[in-house]
Amino acid sequence: LGLATDNNSNDGFSGLTRPSSPMATGGANGGFSGNIPFATSEDGHETGLEVEGQLLSGNRNEMGEKSREEKANVALSPSLGANSLLTCTALLCLVCYQIKPAPDGAAACRASKACASAMGIVRPKGNNAGIISNAAMAVCELVADRLLKEVSTSFSLLTGTSLSSAHNPISSSLNSHNRPTPGSASMEFVESAVWLLRSCGCHEKAIDVLQERMNSPAFRNASVGGGGGHASSLVGGSTGGGSGSWSQIKFDSYLATHLGELWSSKDDRCCQLVLLSSATKDLISRNPTLGLSVFTTIHPQNETEWKRMRPSDDPLAHPLYPPKVVKLLKSVTPHQGKIPHELGMADSFSSFSLRSGKVTGPLPVDSGRALAVSYLESATGIATGQPTSQSNNLDGGSGSSPPFHPGSSSRDEVDERKADMHDELAYLLLEGVISERGDEDRGEDSNLGGIYRFKLRRLLSWPNSRVRSERLLGSLPSSFLREHALLLGRLGRHEDALRILYSQENSLELALEYCDVRHERQQMRLEETKALGGGGDKMKSPANECAYIPLVKVALSSDPNSDRGTAAAIQVLALRRDSIDKAAALRLLPKNIPMSSVVRPFLIPAVVENESQVRRLSVASSLLRSRYMQLKQKLTEAQLKSQATLHSALALKKLNLGDVLHSSKPTKARPVHAASPNYPAVMLVKHNFPRHLVIQAQVTNNSARTLADIAFVIAESSDEALVPTMEMPLKTVNPGATGSVWCVLAASPQRLDGAAFLTCELRFTVLEVDAATGTPLSFSEGANIATGFGRTYVEELQDIEVRHTEFG
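For clarity, every value in this text was computed on a predicted model and none was experimentally measured.

**Observations concerning the sheet that holds strand S11 (residues 755–767)**
Part 1 of the argument: If you walk across this open sheet you meet the 4 strands as S9-S7-S11-S12, and the pairing is antiparallel. This sheet does not close on itself; its edge strands, each paired only once, are strand S9 (730–733) and strand S12 (792–803). Across this sheet, the average inter-strand angle for adjacent strands is 30 degrees, counted without regard to direction.
Part 2 of the argument: As paired strands, strand S7 (residues 706–717) and S9 are joined by 3 bridges and run antiparallel to one another. Looking across to S9, one finds that Ile710 is bridged to Leu730.

So, in structure tokens, the structure goes:
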């Protein structure tokens, strides 16, 4: 089994497998095959009862050289490996119990735990067809029952009563005076039995074993065998020593780990076992935080994990389990008083809470309601930083992920289920606020009620919330004014929401806070839209109107005192002058308002800030333009350099022209007609190749203007032996600079009779320039036709003569 590879180990069983034994040699034929009968009696002879187990086929080398991937997938392979591993491990644990003079519980624990680790999460009994045989499961159960009976004869896993060894197929070969006492075996063999049961899928029996043992004070609290030793650990592995004591927290930690693994497997039978087991309810009652972790460990714990989560792993996507978990948690009454449940990162997450009052600390999980709230906050992501997206709206959030079971539910059905869970969370929080109020509280929340109210307002203001606002509005008491405002805002009725905050709450500060949050979300949506390449009509939609204009309207129309309302409106303009639509806000003010009441608090500061912003933007624009011109200059120089010579032009190298046969001396190209004022100086050089003619035109810009898109073009050839195939223009040539443009012709010298004449043209565009810097104002065509700048010129040049002797 690979458990005795440590040279320094002294487990007591490393010498059990000898070279002469069938386990080590693989039998006479090199391997086991078929069904091996196994039965022992007290005197070591065979009995009439046999348990047949299918053992692993193959020789020792095949077992020893199995790859890691095969070991990792042993629980999923329908081969005999899983059956053999279970059977051999069970027998090894039984042998460890029978070692003289003292049983080796640590070795049994290590072997059974290694087997359970290799098997992984095995589905409950009856759901492992093709993976684990009934015979292998029977061996594990019989050995586990035997170990448990030796520890305490008052319990039998299989029958529920004490059985004599005559009725047990696997009976001890020890004499009664050599049997270990409960102190020497203690919880080590109970642990080994539990691991065996888990390995074969008997999870419910494994949980029942520990439940019964931990309900016994002798096993839970007493330090058997002298005390003070180290207890074996189901979580971290077994340790040596004669102690059999287990603390309650140790038991709870193991049970929570076991239940959490079953829940995370997402197997229906495993999940049903967790939901229906009394051990789950007892664990939550004893240790609410640990019990709650059974269901929340698989949830994403931070923003990064939420982004990486697959749609099928959404905690609320399953059609059945979230409501069942909530129902279970609500039915539990914790025994340990108020145990605080740590708030997630969203408690410091920027969300609009309308100053929910004094929050004294985290929510104590001292009731079923608090447990359900904690679970739903983790499942929805409000307590773990689920990121928002552009598609989230104010009343229902974004479209949901695909369902947990693809094909079983449509997206609308999944959205509906998620909305149900968000509604459940909202009603639980509302119930918590109301239930914590007494008759003499005069409308004030207690410390616990303040926590519930904070969480309720955080949920209602969360962008990802799917709470059905209209339904919840009908359930809210009339005294919950700020909650009413949040729900009205989710429905898009911002003026009604602000009217509650400004008029009924009599707080301009709360109304401004409401508008600030709305403005921030609008800016986030605009940035996301720009990042996605949107804009235009989307940015001008009603949802993106100025967030502060409704407050100005409410202040002017709702305040009984018109002067006070006007002053409040002007105050809004003054406090948010950098964000508000100034023109729209000024149009809302009364026409008879004195100019002096607006000039000092709003107009003058606004004008000063606008002028300052104009200056800042002008400086920034000049710096950016200067940087742009520098980069453009470097790019132009690099292009001129890359096309300066025949060997530096990359496009010519790709043509594989071969070696140059002849290059003519530079000759000046003269225009046929009167040249334009910006005509550059042009020198022509002919480069003859075996099958090509390359004409280089060296253009020198002698004017004060920048030339762009310069090209040398062969308009017509007098002989078909010379055919233009490619042109290499220049993008820009600055004043005083020289660059080369090229024209390539395919040549057939053997077909060329005498001389051929080429009609040539030089095409270029004159750009506008800055009078101060001399740099072009635009690199596009057609900038200003009226003044002659930005105009394209075509200058016809004198013909070029080409003779066939130049290719010799």
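Past the structure itself, the notes keep going.
**A closer look at the packing of helix H13 (residues 288–296) against helix H16 (residues 368–380)**
Part 1 of the argument: Packing of H13 against H16 leaves a shortest axis separation of 10 Å and a crossing angle of 35 degrees. For the pair H13 and H16, the crossing hand works out as right-handed. Residues Pro288, Leu292, Phe295 and Thr296 of H13 touch H16, and the partners they reach there are Leu371, Ser374, Tyr375 and Ser378.
Part 2 of the argument: Of the residues that constitute the contact of H13 with H16, the class distribution is 5 nonpolar, 3 polar and no charged.

**Observations concerning helix H5 (residues 105–119)**
Part 1 of the argument: Its 15 residues give H5 an end-to-end C-alpha distance of 21 Å, which sits within 8% of 21 Å, the value for a rise of 1.5 Å per residue.
Part 2 of the argument: Looking at H5, one finds that the buried residues are Gly105, Ala107, Ala108, Cys109, Ala111, Ser112, Cys115, Ala116 and Met119.
Part 3 of the argument: Sitting at the amino-terminal end of H5 is Asp104, which places a side-chain oxygen 3.4 Å from the backbone nitrogen of Ala106.
Part 4 of the argument: Residue Gly120 follows H5 closely and has a positive phi angle near 75 degrees.

**A look at the pairing of strand S5 (residues 681–688)**
Part 1 of the argument: Most of S5 sits inside the fold, with 6 of its 8 residues counted as buried.
Part 2 of the argument: As paired elements, strand S3 (residues 662–663) and S5 share 2 bridges and run antiparallel to each other. Residue pairing in the sheet places Ser663 in a bridge with His687 of S5.
Part 3 of the argument: Direction of pairing for strand S4 (residues 667–668) relative to S5: antiparallel, over a ladder of 2 bridges.

**Looking at the nonpolar core**
Note that soluble globular proteins tend to have their nonpolar side chains buried in a common cluster.
Part 1 of the argument: Among the nonpolar cores identified, the biggest contains 130 residues, and Phe295, Tyr375 and Ile580 are the most heavily contacted of them.
Part 2 of the argument: Residues within four places of Phe295 in sequence aside, it is in contact with Trp263, Val274, Leu275, Thr280, Ile284, Val325, Leu328 and Tyr375.
Part 3 of the argument: In terms of nonpolar packing, the next biggest core, distinct from the first, is built from 34 residues, Ala669, Leu684, Cys743 and Cys760 among them.

**Some details on the environment of Lys324**
Part 1 of the argument: On the secondary structure map, Lys324 appears in helix H15 (residues 321–330).
Part 2 of the argument: For Lys324, a relative accessible area of 33% puts it in the partly exposed group.
Part 3 of the argument: Sequence separation of Lys324 and Leu275 is 49 residues, and the distance between their C-alpha atoms is 7.7 Å.
Part 4 of the argument: Apart from residues lying up to four places away in sequence, Lys324 is in contact with Gln272 and Leu275.

**Some details on the state of the cysteines**
Part 1 of the argument: Across all of its chains, the model carries 0 disulfides by this definition.
Part 2 of the argument: Its sulfur unpaired, Cys109 is 8.0 Å from the next cysteine sulfur, which belongs to Cys93.
Part 3 of the argument: In this structure Cys515 is a free cysteine whose sulfur lies 8.5 Å from that of Cys546, the closest cysteine sulfur available.

**Description of the packing of aromatic side chains**
Part 1 of the argument: Tallied over the full model, the rule gives 5 aromatic pairs.
Part 2 of the argument: Ring plane angle 85 degrees and centroid distance 5.0 Å describe the contact between Tyr97 and Phe189, whose orientation is recorded as edge-to-face. Of this pair, Tyr97 sits in helix H4 (residues 81–98) while Phe189 sits in helix H7 (residues 182–199), placing them 92 residues apart in sequence.
Part 3 of the argument: Between the aromatic rings of Trp263 and Tyr321, the centroid separation amounts to 5.3 Å while the plane-to-plane angle is 55 degrees, which identifies the pairing as tilted. Remark: Tyr321 occurs in helix H15 and Trp263 occurs in helix H10 (residues 248–264); sequence separation between them is 58 residues. Accessibility assignment for this pair places Trp263 and Tyr321 in one class, buried.
Part 4 of the argument: Ring pairs connect the aromatic residues Trp263, Phe295 and Tyr321, which therefore count as one cluster.
Part 5 of the argument: Looking at Arg453, its charged tip hangs above the ring of Phe480, at a distance of 4.4 Å from the centre.

**Here we look at the pattern of salt bridges**
When their charged atoms lie close together, side chains carrying opposite charge are able to pair.
Part 1 of the argument: This structure, assessed with the given rule, holds 31 salt bridges.
Part 2 of the argument: Ionic contacts of the salt-bridge type, sharing partners, join the residues Glu416, Asp420, Asp423, Arg468 and Arg471 into one network.

**Some thoughts on unusual backbone geometry**
Part 1 of the argument: Cis geometry marks the peptide bond from Lys100 to Pro101; its omega dihedral reads 5 degrees.
Part 2 of the argument: Looking at where Pro101 falls in the secondary structure, it is placed in the loop between H4 and H5.
Part 3 of the argument: Backbone geometry at Asn506 places phi at a positive 55 degrees, although glycine is not the residue there.
Part 4 of the argument: Within the secondary structure layout, Asn506 lies in the loop between helix H21 (494–504) and helix H22 (508–531).
Part 5 of the argument: When its relative accessible area of 61% is taken as the criterion, Asn506 is described as exposed.

About the thresholds
Residues numbered from 1 in each chain as written. Predicted model: local features only at pLDDT ≥ 70, side-chain atom pairs only at ≥ 80, totals over all residues. Heavy atoms only, no water. Pairing = 2+ DSSP bridges. Helix = DSSP H or I, 4+ residues; strand = E, 2+ residues; numbered from the N terminus. Axes fitted to C-alpha atoms, helices over the stretch in contact; angles between N-to-C directions. Left-handed = near helix turned anticlockwise from the far one by under 90°. Contact = heavy atoms within 4.5 Å. Nonpolar A, V, L, I, M, F, W, Y, C, P; charged D, E, K, R; others polar. Expected span 1.5 Å × (residues − 1). Buried < 20%, exposed > 50% of the residue type's maximum accessible area, 1.4 Å probe, protein only. Polar contact = N/O pair within 3.5 Å; in protein donor to acceptor, adjacent residues only side chain to side chain. Core = buried A, V, L, I, M, F, W, Y, C linked by side-chain atoms within 4.5 Å. Disulfide = S-S within 2.5 Å. Phe/Tyr/Trp six-rings, centres within 6.5 Å; stacked < 30°, edge-to-face > 60°. Lys NZ or Arg CZ within 6 Å of the ring centre and 35° of its normal. Salt bridge = Lys/Arg side-chain N within 4 Å of Asp/Glu carboxyl O.

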